[in-house]
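Summary of the model geometry
Below, each chain spelled out in residue letters.
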Amino acid sequence: MFWLTPVILSFFYSADFNNGLYKIKTILPIIITPLIYFSLDNKYKIKIEKLVRIVFPLSTLIFGLYILTKLCVYFYQPYIIQYGKPTILAYLKFVYEHRFGYLTNKDIIVFTAFFHKAYYSLAVLISILLLLKVKYKFFKIILFILLSSLLLLFNSMPHIFVYIIFVCTYLFLYLRKTKYLFFIIAGGLFFVYYFRFVFFKLLNSRIGIREQISKCAYKQFKESPLFGYGVGDVKNTLNTCFIDSNYLNGLNFNTHNQYLDVMLSSGLIGLIFFLSFFVLGFKKSFQNKSIELFLFLTLIAVTLLFENIFHRMWGVFMFSVFYSFFNFNSNLNQK
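Let us look at the structure shown here. Along each chain, numbering runs from 1 in the same order as the chain's sequence is written. The predicted origin of the model limits local features to residues at a pLDDT of at least 70 and limits the giving and counting of side-chain atom pairs to 80 or more, whereas totals for whole chains, interfaces and linings rest on all residues. Each side-chain value is worked out from all heavy atoms of the structure, with water and hydrogens disregarded.

Some words on the overall build of the chain
We apply this condition: Numbered from the N terminus, helices here are DSSP runs of H or I no shorter than four residues, and strands are runs of E no shorter than two. Summary of the burial criterion: residues with accessible area below 20% of their type's maximum are buried, those above 50% are exposed, and those between are partly exposed, where the area comes from a 1.4 Å probe applied to protein chains only. In this description, contact between two residues means that some pair of their heavy atoms is separated by no more than 4.5 Å. Only the protein chains shown count as cover for residues, and the accessible areas themselves come from Shrake-Rupley with a 1.4 Å probe.
Along its length, the chain carries 15 helices and zero strands. Each of the 335 residues in the chain was classed as buried or not, and the buried ones make up 47%. Considering only contacts within the chain whose residues lie at least 6 apart along the sequence, 73% involve residues at least 24 apart. Entry remark: accessible area of the chain is about 18,400 Å², with carbon and sulfur atoms responsible for 70%.

Observations regarding the side chain of Ser265
Counting through the fold element by element, Ser265 comes out in helix H13 (residues 258-287). Leave out the neighbours within four places in its chain, and Ser265 touches Val7, Ser10, Tyr13, Phe227, Gly228, Tyr229, Gly230, Val231 and Val234.

Description of the environment of Asn236
You can see Asn236 is positioned in helix H12 (residues 234-243). When its relative accessible area of 41% is taken as the criterion, Asn236 is described as partly exposed. The spatial distance from the C-alpha of Asn236 to the C-alpha of Ala15 is 9.7 Å, given a sequence separation of 221 residues.

A word on the packing of helix H2 (residues 17-27) against helix H3 (residues 29-39)
Which entries qualify depends on this criterion: In this analysis an axis means a line fitted to C-alpha atoms, helices contributing only their contacting stretch, and an angle means the value between N-to-C directions, from 0 to 180 degrees. Put simply, angles under 35 degrees are roughly parallel, angles over 145 are roughly antiparallel, angles from 65 to 115 are roughly perpendicular, and the rest are oblique. Ten residues, namely Ala, Val, Leu, Ile, Met, Phe, Trp, Tyr, Cys and Pro, are considered nonpolar, four, namely Asp, Glu, Lys and Arg, are considered charged, and the remaining ones, Gly among them, are considered polar.
Between H2 and H3, whose axes approach to 5 Å, the crossing angle comes to 25°. Taken together, the axes of H2 and H3 are roughly parallel relative to one another. Residues Lys25, Thr26 and Ile27 of H2 touch H3, and the partners they reach there are Pro29, Ile30 and Ile31. Looking at side-chain class alone, the contact of H2 with H3 contains four nonpolar, one polar and one charged residues.

Written out as structure tokens, the structure is:
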């Protein structure tokens, strides 16, 4: 993972030593996990692959259903007090519209530490990728439908966008010479329409918090463009800008964009290293004809535009484990 080199080196010119050390410890599995995975004998990797392709999607589905159950139980009493005894459809509609209202409740603060819709959506899309090579067709179709439903329910727009890329790519590669050509064309048109919808929504959200954060990040980046401020000083650098902003003063956000975070921590040099990882990864996916590796890198590249997934252990875990997994399977394709 050569792209981490500038970020790790930036620790040595960070003023906030403790925060820098914490960040380095958080991203270390990105280096360690591939080394462990590639040290395993190939026969064990193949056994692990068969197990992971079943267990991870199934566990992701079960966790999603658990979240839904938690939501339904939590909202039942408030609904009865306010509206009376509900019909099933009315209650489900109510739960859907208020599905994230429970996140601030102190009674389930421990539970919420394990749930974030962007990270769960990431897990759902990785699960769908894993299902591509599962041989049990009925199992695969049922899980695909249920996981897709959960993805739409939690409504993480960037991941729904990637989901459409997944579906259109699959249709194009596997069904282009069949009678399903009509569905490929229809899916492509829907993709274009959805992209237009997402683009204009982002374009018109001039007062959105994320846009204001991005402006602050870019402003600070211009003051130290080559090497950045150091991995430990990104938050303090942003907060300095937030103080001068009427919209963000008093808030304590990260960049919500991993690319901007890399730019602030290790500058243009760090960004070049970071982007080169994706360039080489996509190149390898084409050389080895690995659709799984290509789609996984696409998923990560898009997610990083909206979330700092390397700031949370859950994000680091999913990236390091499944990059190793799909990279290994890419090498098998070449053989």
